[in-house]
Amino acid sequence: EVQLVESGGGLVQAGGSLRLSCEASGVTFDDYCIGWFRQAPGKDGEGVACESDDTLYYVDSVKGRFTMSSDNAKKTVQLQMNSLRPDDTAVYYCAAFRRAAPLERIIYWGKGTLVTVSS
């Protein structure tokens, strides 16, 4: 069974930073684009970042502010979020995307961790 467990969410003032972590099991990282998905209340979700074949993908709105890293051997994923803005407020999910469709097609995801950025 695939397990993706997120942690690190919380309350942050605009301009602040936060680091999210994910512990994964039952999934082979090389088969997917491993990373993060987010969904704000009442809005459609979007892929945030993922890694596949040593290539990093980011949604345009977080480029230059967020940095993703992963450790295949340890089955862990990190998302360092800097210069946070109120529109970053969302539930963030550790996710495995289809390798052929980075940030677009989700195969597995966790329960999520809430990030709230105040203005």
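Everything discussed here concerns the structure shown above.
Predicted, not measured: the structure shown is a model, and the values here were computed from it.

A. Representation of the overall build of the protein. Across its full length, the protein holds zero helices and 11 strands. Taken over the C-alpha trace, the protein has a radius of gyration of 13 Å; the compact-globule value for 119 residues is 14 Å, and the two agree within 12%. Considering the protein as a whole, with its 119 residues, one finds that 41% of them fall into the buried category. Looking at the protein alone, contacts between residues at least 24 apart form 58% of all its contacts between residues at least 6 apart. With the model as given, the accessible surface of the protein reaches about 6400 Å², and the carbon-plus-sulfur share is 46%. Here the protein contributes 12 positively and 15 negatively charged side chains, and the mean placements of these two sets differ by 3 Å.

B. Focus on the sheet that holds strand 3 (residues 18-25). Strand order in this open sheet of four strands is 1-3-8-7, and the pairing throughout is antiparallel. Looking along the sheet, the strands with just one partner apiece sit at the ends: strand 1 (3-7) and strand 7 (66-71). On average, each strand axis in the sheet is tilted by 15° relative to the strand beside it, whichever way the strands run. Relative to strand 8 (residues 76-81), strand 3 is paired through six bridges, and the arrangement is antiparallel. Across the sheet, the residue bridging to L20 is L79, located in strand 8.

C. Focus on the pattern of salt bridges. Following the criterion strictly, the structure yields five salt bridges and no others. A salt bridge links R38 to E46, with the nearest nitrogen and oxygen atoms 2.9 Å apart. Residue classification places R38 among the buried residues on the basis of a relative accessible area of 6%. Look at E46 and you get partly exposed, because its relative accessible area is 29%. Among the ionic pairs, D88 bridges to R38, the shortest N-O distance being 3.0 Å. On the criterion of sequence distance, the pair formed by D88 in the loop between strand 8 and strand 9 (90-98) and R38 in strand 4 (residues 32-39) is long-range, its members being 50 residues apart. The network of salt bridges with shared partners includes R38, E46, R65 and D88.

Analysis parameters
- Residues numbered from 1 in each chain as written.
- Predicted model: local features only at pLDDT ≥ 70, side-chain atom pairs only at ≥ 80, totals over all residues.
- Heavy atoms only, no water.
- Helix = DSSP H or I, 4+ residues; strand = E, 2+ residues; numbered from the N terminus.
- Rg over C-alpha atoms; globule rule 2.2 N^0.38 Å.
- Buried < 20%, exposed > 50% of the residue type's maximum accessible area, 1.4 Å probe, protein only.
- Contact = heavy atoms within 4.5 Å.
- Areas by Shrake-Rupley, 256 points an atom, 1.4 Å probe, with all protein chains shown as cover.
- Lys, Arg positive; Asp, Glu negative; His and termini not counted.
- Charge placed at Lys NZ, Arg CZ, Asp CG, Glu CD.
- Pairing = 2+ DSSP bridges.
- Axes fitted to C-alpha atoms, helices over the stretch in contact; angles between N-to-C directions.
- Salt bridge = Lys/Arg side-chain N within 4 Å of Asp/Glu carboxyl O.

Interpretation note: all reported values are geometric properties and have no functional meaning in isolation.
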